[in-house]
Structure formats: structure tokens, C-alpha cells
Amino acid sequence: MKISFHGQSCIKVVTEDVTILVDPFISGNPQCDLVVENEKPDYIIVTHGHDDHVGDTVAIAQQSGATVIANVELATFLSMQGVENLAPLHIGGKRPFDFGTVKLTQAFHGSSTVQDGKIINLGLPTGFVLTIDGKSIYHAGDTGLFSDMKLIGQLNELDVAFLPIGDNFTMGPEDAAIAAEFLQAKVVVPMHYNTFPLIAQDPHAFVASLNTELRGKVLDIGTSMTI
């Protein structure tokens, strides 16, 4: 399978049978190379309700018929926006799909949007472990460092872990390096950086800072890795 990175926390997983798009923040994202109208995923996973993660979920789901996987509150909100195919889960819950499984994990962050001048809470933020074609991918979502990442690594033989490094709103590089040690994934990929000045970071410096037993990999915008 191929996994590509498209800025902020947006990744795409493509196998022979399925395409999964994660946190499709495309419109208004200066770092993203995707075009909304061209995206036809089978599934969309949304980690939490902030606009830079929900992004273009509604438009893409409506044009493609994709099933959207998200926490219950966010899934309910998206149904009110016209999304028809939804698979609501919550933290700790694992669900089988035709491609494998998705299990939501905790994340320490917020999850909300603003409508008509009011803040709308959209449930708890999440990460997830995606198991597909015998591989396990961890996407941390937006989060600070937490010690239970050790358990995620112990319970799952992770092939890839995507970790935010932007600081300010999430873990910075130093804490993300500790998270990488906790998780012990075969490959660690930084995300959630350089989209805005407040989260400017050097991903290559982060990778270089990792313990020599860990393998870090920077995915430039639009590039992919095969696992």
C-alpha cells in the first residue's frame, strides 16, 4: 500500500482495493496539493472537529459517497451537514470494515467549530490505529504527549506512526521524540507543522533527533511511502 502526506494532518492510504483519506483540510490550506473535486475516497477518517481537520469532509463525502469515520458527536454533526454514510465510533472502540479495522485512541486536545458566533463542541478529540492489509498505522491526531502512548505501542505492532510536531497547539519536536520512543513504530513521520507561522518547525531536525534505533522519515507534500 502507499501512504502519502498532503500537509497539516492530511494523509491518504491507497491499496489495490480501497482509498482512505484522513483529515482532508484542502481548501484554504496553503500546504496542500490536493484538489477537492478530484478526491474520490472510499472512506474518510476525521480525528476531531477543528476546521483544519474536518476541512472539506462534507464536500468530498457528498461527491464520492465515502463513509466518514469519526467520534459519535462529530459524526452526528456531519450528518446534519448532509453526509449520508457514517460510521460513528468512540475512544477505545474498534470496528471492522471491508479493508480491516479502525480503533479510536485518546488524544489530548479540543474538538469544536464555530457557527453563528457560537462555539459548538464536537465530542472528544481522537487518534486512531488503522489495521489494513496486515499493516498497522497510528495517526495521533492533534495531541500533547501522554504516557499511554506506551500502551498503544505495546498493544499494536506499528508499521508507521504519524506524530504532530508543530508545538503551540500540539506536541513539539521534543515531546514528539519521546512519543516515538513510547510507540516504537517501525517508521515515524512528522505532521502538523509549517501550515501557519505559529507551528513552523524543521521536520528534518526532528527526524535527526530521534533515537538511532528509531527510523524517522519526512514526507514532503504530495510524496508517498510504500509499506
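Because the structure is predicted, anything quoted here is derived from the model rather than measured.

### Quick word on the overall build of the chain
Then step 1. In terms of regular secondary structure, the chain is built from six helices and 15 strands.
Then step 2. Taking 17 Å as the expected radius of gyration for a compact globule of 227 residues, we find that the chain reaches 16 Å, a close match to that expectation.
Then step 3. For the chain, the spread of C-alpha atoms along the principal axes amounts to about 45 × 40 × 30 Å.
Then step 4. By the burial criterion, 52% of the 227 residues in the chain qualify as buried.
Then step 5. Expressed as a percentage of contacts within the chain between residues at least 6 apart in sequence, the contacts between residues at least 24 apart total 58%.

### Description of the sheet that holds strand E5 (residues 67–71)
Then step 1. Strand order in the open sheet formed by seven strands is E6-E5-E4-E3-E2-E1-E15, and the pairing between neighbours is mixed. The open sheet terminates on both sides in strands that have one partner only, identified here as strand E6 (86–89) and strand E15 (224–226). On average, each strand axis in the sheet is inclined to that of its neighbour by 20°, with strand direction left out of account.
Then step 2. Both E5 and E6 contribute to a ladder of four bridges, which runs parallel. Of the residues in E6, the one forming a bridge with Ile-69 is Ala-87.
Then step 3. Along the sheet, helix H3 (residues 72–80) contacts E5 and E6; its crossing angle with E5, the most-contacted strand, is approximately 135°.

### Digging into the UniProt feature "domain: Metallo-beta-lactamase" (unreviewed entry) in the chain
Then step 1. With numbering aligned to this structure, UniProt lists the feature "domain: Metallo-beta-lactamase" (unreviewed entry) at residues 7–192.
Then step 2. Its end C-alpha atoms 7 Å apart, residues 7–192 is made of 21% helix and 33% strand.

### Focus: the pairing of strand E7 (residues 94–97)
Then step 1. With four bridges joining them, E7 and strand E8 (residues 100–106) adopt antiparallel strand pairing. The partner of Arg-95 across the bridge, within E8, is Val-102.
Then step 2. Count of turn residues in the E7/E8 antiparallel hairpin: two residues.

### Some words on the side chain of Thr-47
Then step 1. Within the fold, Thr-47 resides in the loop between strand E4 (43–45) and helix H1 (51–54).
Then step 2. Assessed through its relative accessible area of 0%, Thr-47 is described here as buried.
Then step 3. Within the structure, the side chain of Thr-47 is placed 2.8 Å from the side chain of Asp-23, a separation counted as a polar contact.
Then step 4. Of the polar contacts made by the side chain of Thr-47, one reaches the side chain of His-48; its length is 2.9 Å.
Then step 5. Sequence-distant contacts of Thr-47, defined by excluding residues within four places in its chain, comprise Asp-23, His-53, Pro-125, Thr-126, Phe-128, His-139 and Gly-141.

### Observations regarding the sheet that holds E7
Then step 1. Read across the sheet, six strands follow the order E7-E8-E11-E12-E13-E14 without closing on themselves; strand pairing throughout is mixed. With partners counted over all chains shown, the strands left at the sheet margins are E7 and strand E14 (187–191), one partner each. Between one strand axis and the next, the sheet turns through 20° on average, direction left out of account.
Then step 2. The strands touched by helix H5 (residues 173–183) are strand E12 (135–139), strand E13 (160–164) and E14; relative to E13, the strand with the most contacts, the crossing angle is about 155°.

### Quick word on a negative patch on the surface
Then step 1. On the surface, Glu-16, Asp-17, Asp-42, Asp-98 and Asp-133 cluster together to form a negatively charged patch.
Then step 2. In this structure, Asp-133 sits in the loop between strand E11 (126–132) and E12.

Cut-offs applied
Going along each chain's sequence as written, the residues are numbered from 1 onward. Since the coordinates come from a predicted model, pLDDT governs what is reported: local features require at least 70, and pairs of side-chain atoms require 80 or more to be given and counted, while whole-chain, interface and lining totals use all residues. Side-chain figures throughout are based on the complete set of non-hydrogen atoms in the structure, without hydrogens or water. Strands here mean DSSP runs of E at least two residues long; helices mean DSSP runs of H or I at least four residues long; both are numbered from the N terminus. Our radius of gyration looks at C-alpha atoms and nothing else; its globule reference is 2.2 Å times the residue count to the power 0.38. Think of it in three bands: with a 1.4 Å probe and only protein chains considered, a residue is buried below 20% of the maximum accessible area for its type, exposed above 50%, and partly exposed in between. Should any heavy atoms of two residues lie within 4.5 Å, those residues are considered in contact. Two strands are counted as paired when DSSP detects at least two bridges linking them. Axis definition: a line fitted to C-alpha atoms, limited for helices to the stretch in contact. Angles are taken between N-to-C directions and run from 0 to 180 degrees. UniProt positions are given in the numbering used here, feature names are shortened, and annotations may be inferred rather than shown by experiment. Here a polar contact means two N or O atoms within 3.5 Å. Within protein one must be a hydrogen donor candidate and the other an acceptor candidate, and residues neighboring in sequence count only if both atoms are side-chain atoms. Note that patches include only residues with greater than 30% relative accessible area and no salt bridge, and the join distances are 9 Å for like charges and 5 Å for nonpolar side chains (Val, Leu, Ile, Met, Phe, Trp, Tyr). With residues, only the protein chains shown are counted as cover, and all accessible areas are computed by Shrake-Rupley using a 1.4 Å probe. For salt bridges, the criterion is a side-chain nitrogen of Lys or Arg within 4 Å of an Asp or Glu carboxyl oxygen. When charges are tallied, Lys and Arg are placed among the positive residues and Asp and Glu among the negative ones, while His and the ends of the chain are skipped. A charged residue contributes its charge at one atom only: NZ of Lys, CZ of Arg, CG of Asp or CD of Glu.

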